[in-house]
Amino acid sequence: MLGIIGNPSYPSYQVFLSAGIAALITGLLMPLFIKLMQHEQIGQQIRADGPERHLVKQGTPTMGGVVMLVGIVLTCWLMASWEPELVLVMVATLATGSLGLLDDIESVAHGRSLGLTPSQKMIGLIIISVTFCLVAVNHTGIAPTIAFPGGFSVNLGFLTTTLALGGASIKIPWLYVIFVFLLMAGLSNAVNLTDGLDGLAGGCAMVVMIMMAMVAFRYDKLDLAVFAATVGGSCLGFLWHNCYPASIFMGDTGSLALGAAFAALAVMTKTEVTSLVMGGLFVIEALSVIIQVASFKLTGKRVFLMAPIHHHFEKKGWSETKVVIRFWIVSGMFAALGFALYFQLG
């Protein structure tokens, strides 16, 4: 099915227009959602052990990721043809966003900054990532390999089980399934950890998704390029309302979905390794938490003043806007480096 507005004769126009439409839809719908959240008194629960100046954000409307996902779906409906690759990436994104929505609802319902338990989240991510991987390999023909800059690649499909079900065979490349789970769960949680300052996660995700749109376009996957541009545009529309001081937060609904969309695009364009460079800022945020926890458990000392690392710089006296803008710059540098390395995949 061809998108209502999409025209394959002008693919670059289609990609750029998708970003603009997604930004417009998200930006225009968000005020209505903010009013709804305010009317229902649904607001963000701020962690008590966070920076003191964040306590004023208590009660700020949350779950803005719902509107972002609506903008993404509507724009893709208008601009893309729903090929199997796009359907698969979209389903993975919406499923992970739904997991995040459950987490947000649980958090609001119980009046605490934590929603679902870590094990509940992990079970959900396992189901989503494993299903995504198996469909990608068996239905869309994705090879269970990972490519490194310089033309070197590793085959993770050598340990594969083939099951016969109703006349059809299903290949289960165990090592690649585990890798995709780690990638999707890791990036989803990394974006979630980054979402701690007004505009931080949304701005960084927007930069990364622009680069992923360029990768997908060069990979000759127009529908995936439209999807990536749409996600980036949705982030842009969200930032209008999320810039300091934020009128709404994306919640886990948005952050988990953004991470899953990033990971799914990486798998479908075979840029699993370079995507980790493009999303280097997210990786650093996640590593800062791992290092902090490991150091405290092993030595009783903390490496950072507070983790994730954006709070460390707040504690050092940087203003929230300074941290956000500088992290945007760092994210852009990582994204550009990853895109350059993409041309070395061979």
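Preceding this paragraph is the structure being described.
So, a few notes on the structure that sits alongside this text. Bear in mind the structure is a predicted one, so any value in this text is a computation, not a measurement. (Residues numbered from 1 in each chain as written. Predicted model: local features only at pLDDT ≥ 70, side-chain atom pairs only at ≥ 80, totals over all residues. Heavy atoms only, no water.)

Examining the overall build of the protein
The number of helices and strands found in the protein is 12 helices and 4 strands. Computed over its C-alpha atoms, the radius of gyration of the protein comes to 20 Å, within 12% of the 20 Å expected for a compact globule of 346 residues. When its C-alpha atoms are laid out on the principal axes, the protein stretches across 60 × 50 × 40 Å. With 346 residues in all, the protein has 52% of them scored as buried. Approximately 15,500 Å² of the protein is accessible, and the part contributed by carbon and sulfur atoms is 69%. Across the protein, the 17 positively charged side chains and the 17 negatively charged ones have centroids separated by 10 Å. (Helix = DSSP H or I, 4+ residues; strand = E, 2+ residues; numbered from the N terminus. Rg over C-alpha atoms; globule rule 2.2 N^0.38 Å. Buried < 20%, exposed > 50% of the residue type's maximum accessible area, 1.4 Å probe, protein only. Areas by Shrake-Rupley, 256 points an atom, 1.4 Å probe, with all protein chains shown as cover. Lys, Arg positive; Asp, Glu negative; His and termini not counted. Charge placed at Lys NZ, Arg CZ, Asp CG, Glu CD.)

Considerations on the side chain of Thr269
Considering the arrangement of structural elements, one finds Thr269 in the loop between helix H8 (251-268) and helix H9 (272-278). We classify Thr269 as buried; its relative accessible area is 2%. At 2.7 Å, the side chain of Thr269 forms a polar contact with the backbone oxygen of Leu265. Polar contacts involving the side chain of Thr269 include one to the side chain of Thr271, which spans 2.9 Å. (Polar contact = N/O pair within 3.5 Å; in protein donor to acceptor, adjacent residues only side chain to side chain.)

Side note on the state of the cysteines
Each disulfide consists of one covalent bond between the sulfur atoms belonging to two cysteines. Overall, the coordinates contain 0 disulfides when judged by the stated rule. Looking at the unpaired Cys204, the closest cysteine sulfur is the one in Cys235, lying at 10 Å. You can call Cys204 buried: its relative accessible area is 0%. (Disulfide = S-S within 2.5 Å.)

Here's the deal with the packing of aromatic side chains
Evaluated as defined, the whole model comprises 7 aromatic pairs. On the basis of an interplanar angle of 80° and a centroid distance of 5.9 Å, the ring pair of Phe313 and Phe327 is categorised as edge-to-face. Linking Phe313 in helix H11 (residues 309-315) with Phe327 in helix H12 (residues 320-342), this pair joins segments that are 14 residues apart in sequence. Assigned by exposure class, Phe313 and Phe327 land together as buried. For the pair Phe339 and Phe343, a centre-to-centre distance of 5.1 Å together with 85° between the ring planes defines the contact as edge-to-face. (Phe/Tyr/Trp six-rings, centres within 6.5 Å; stacked < 30°, edge-to-face > 60°.)

Structural notes on the nonpolar core
Counting residues in each nonpolar core, the largest one holds 90 residues, and the members touching the most others are Phe132, Tyr176, Phe227, Leu258, Phe262, Met268 and Phe282. In terms of residue count, the dominant contributor to this core is helix H6 (residues 200-218) (12 residues). Among all residues touching Tyr176, those that are not within four sequence positions of it are Cys133, Val137, Ile142, Ala143, Pro144, Thr145, Ile146, Leu156, Val267, Lys270 and Glu272. Among the nonpolar cores identified, the runner-up in size contains 5 residues, and Leu99, Leu116, Leu125 and Ala185 belong to it. (Core = buried A, V, L, I, M, F, W, Y, C linked by side-chain atoms within 4.5 Å. Contact = heavy atoms within 4.5 Å.)

Concerning the pattern of salt bridges
Scanning the entire structure with this criterion turns up 4 salt bridges. Close ionic contact of Lys121 with Asp103 constitutes a salt bridge, the shortest N to O distance being 3.3 Å. With Lys121 in helix H4 (residues 118-138) and Asp103 in helix H3 (residues 84-110), this residue pair connects regions lying 18 residues apart in the sequence. Overall, the relative accessible area of 3% leaves Asp103 in the buried class. Of the charged contacts, one joins Lys121 and Asp252 as a salt bridge, the two residues approaching to 3.2 Å between their closest N and O atoms. Taken together, the residues Lys121 in helix H4 and Asp252 in helix H8 connect sequence positions 131 residues apart. As far as burial versus exposure is concerned, Lys121 and Asp252 are alike and both buried. (Salt bridge = Lys/Arg side-chain N within 4 Å of Asp/Glu carboxyl O.)

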